[in-house]
Amino acid sequence: SAVISQKPSRDICQRGTSLTIQCQVDSQVTMMFWYRQQPGQSLTLIATANQGSEATYESGFVIDKFPISRPNLTFSTLTVSNMSPEDSSIYLCSVARAGSGNTIYFGEGSWLTVV
Amino acid sequence: GENVEQHPSTLSVQEGDSAVIKCTYSDSASNYFPWYKQELGKRPQLIIDIRSNVGEKKDQRIAVTLNKTAKHFSLHITETQPEDSAVYFCAASMVGNTPLVFGKGTRLSVIA
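Residues numbered from 1 in each chain as written. Chains lettered and ligands numbered in written order. Predicted model: local features only at pLDDT ≥ 70, side-chain atom pairs only at ≥ 80, totals over all residues. Heavy atoms only, no water.

Time to look at the pairing of strand β1 (residues 4–7) of chain B. Residues and elements named next belong to chain B. Burial of β1 is one-sided: the residues Val4 and Gln6 facing one way are buried, the residues Glu5 and His7 facing the other way are not. Alignment of β1 against strand β3 (residues 19–25), held across 4 bridges, turns out to be antiparallel. The residue bridging Gln6 from the neighbouring strand is Cys23, located in β3. (Buried < 20%, exposed > 50% of the residue type's maximum accessible area, 1.4 Å probe, protein only. Helix = DSSP H or I, 4+ residues; strand = E, 2+ residues; numbered from the N terminus. Pairing = 2+ DSSP bridges.)

Structure, rendered in structure tokens:
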């Protein structure tokens with residue numbers, strides 16, 4: 001399985017602030033995916049992060065609110081900007097590992113609570 | 001785009017009984033169907049997956065079946081145990097660098 005490290009694992013954030021979540025993978029991957037899981041809900045794709053180009057955002061998610069960086073093939077960041085209590089969620093990065101038949105793996109997740 | 005429907009949303013079974021969770025998908029191009037188990041406070045963990053070139057896959061007490069014609073797939077858990085209690089998510093995508101689309105989840109409770 002892939003080793004995917006996410007930081008921070010948990011944080012309590014003040015309303016109106018921004019927080020950057022980091023995702024580090026143990027090997028090179030072409031695409032990294034960022035998901036949000038609101039309390040009691042399923043996982044919703046925020047965006048796909050491609051190395052060397054802008055991220056592709058899903059309907060309902062915009063770059064100004066969730067800017068993403070992908071500086072190389074093993075690392076990505078997701079920033080949650082100008083946070084409100086509605087942003088309290090688990091944020092998960094995931095990757096597909098070609099060597100494992102493109103099985104998709106998730107990082108440990110970043111549990112954010114906005115107060 | 002892909003849409004995945006999952007039923008039931010909650011399921012309670014007696015320990016030792018079987019549990020079945022069903023999902024349907026909309027995009028006939030999808031060919032990868034994983035199942036994830038999520039325990040409280042933890043990330044989703046892959047428990048089994050199936051690709052469109054097979055109709056059934058089994059791993060000990062867990063099995064997944066796929067009907068591509070009808071565009072549905074199911075998770076079967078036999079001889080359920082209390083530790084099987086969790087939220088289960090089905091998902092669908094195309095093999096390769098495409099993201100998963102998830103069902104809404106099933107909360108399984110195994111009653112001892």
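Now for the pattern of salt bridges. Residues and elements named next belong to chain B. The tally for this structure, following the rule as stated, stands at 7 salt bridges over all chains. Asp49 is the salt-bridge partner of Arg51, the closest N and O atoms lying 3.7 Å from each other. Assessed through its relative accessible area of 23%, Arg51 is described here as partly exposed. Residue Asp49 is classed as buried on the basis of its relative accessible area, which comes to 7%. Taking the shortest distance from any N to any O, the salt bridge between Asp49 and Lys57 comes out at 2.9 Å. Put simply, Lys37, Glu39 and Lys42 are held in one network by salt bridges that share partners. (Salt bridge = Lys/Arg side-chain N within 4 Å of Asp/Glu carboxyl O.)

Okay, the sheet that holds strand β7 (residues 62–67) of chain B next. Residue and element names in this part refer to chain B. What the 5 strands build is an open sheet, ordered β1-β3-β8-β7-β6; its pairing is antiparallel. What marks the edges here is a single partner per strand, and that holds for β1 and β6 (56–59). Going from strand to strand, the sheet's axes swing by 15° on average, the running direction of each strand aside. Relative to strand β8 (residues 72–77), β7 runs antiparallel, the two sharing 6 bridges. Residue pairing across strands places Leu66 opposite Phe73, the latter belonging to β8. (Axes fitted to C-alpha atoms, helices over the stretch in contact; angles between N-to-C directions.)

This brings us to the interface of chain A and chain B. Contact residues are listed per partner, giving 23 residues for chain A and 20 residues for chain B. At the boundary of chain A with chain B, the tally comes to 6 residue pairs in polar contact (both at pLDDT 80 or more). Taken together, the elements giving at least two residues each to the side of chain A that touches chain B come down to β4 (31–37), β5 (43–50), β9 (89–97) and β10 (103–106) of chain A. Among the elements that line the side of chain A that touches chain B, the one with the most residues is β4(A), at 4 residues. The residue inventory of the side of chain A that touches chain B, partitioned by class, reads 11 nonpolar, 10 polar and 2 charged. (Contact = heavy atoms within 4.5 Å. Polar contact = N/O pair within 3.5 Å; in protein donor to acceptor, adjacent residues only side chain to side chain. Nonpolar A, V, L, I, M, F, W, Y, C, P; charged D, E, K, R; others polar.)

Turning our attention to the state of the cysteines. A complete count under the given rule lists 2 disulfides over all chains for this structure. Each sulfur in the disulfide pair Cys23(A) and Cys93(A) lies 1.9 Å from the other. As the torsion about the S-S bond is roughly 65°, the Cys23(A)-Cys93(A) disulfide counts as right-handed. Linking Cys23(A) in strand β3 (residues 19–25) with Cys93(A) in strand β9, this pair joins segments that are 70 residues apart in sequence. Taken individually, Cys23(A) and Cys93(A) each receive the classification buried, so the pair is uniform in this respect. One disulfide bridge connects Cys23(B) with Cys90(B), the sulfur atoms lying 1.9 Å from each other. Here the S-S torsion is close to -100°, and the disulfide linking Cys23(B) with Cys90(B) is therefore left-handed. Of this pair, Cys23(B) sits in strand β3 while Cys90(B) is found in strand β9 (residues 86–92), placing the two residues 67 residues apart along the sequence. No difference in accessibility class separates Cys23(B) from Cys90(B), as the two residues are buried. (Disulfide = S-S within 2.5 Å.)

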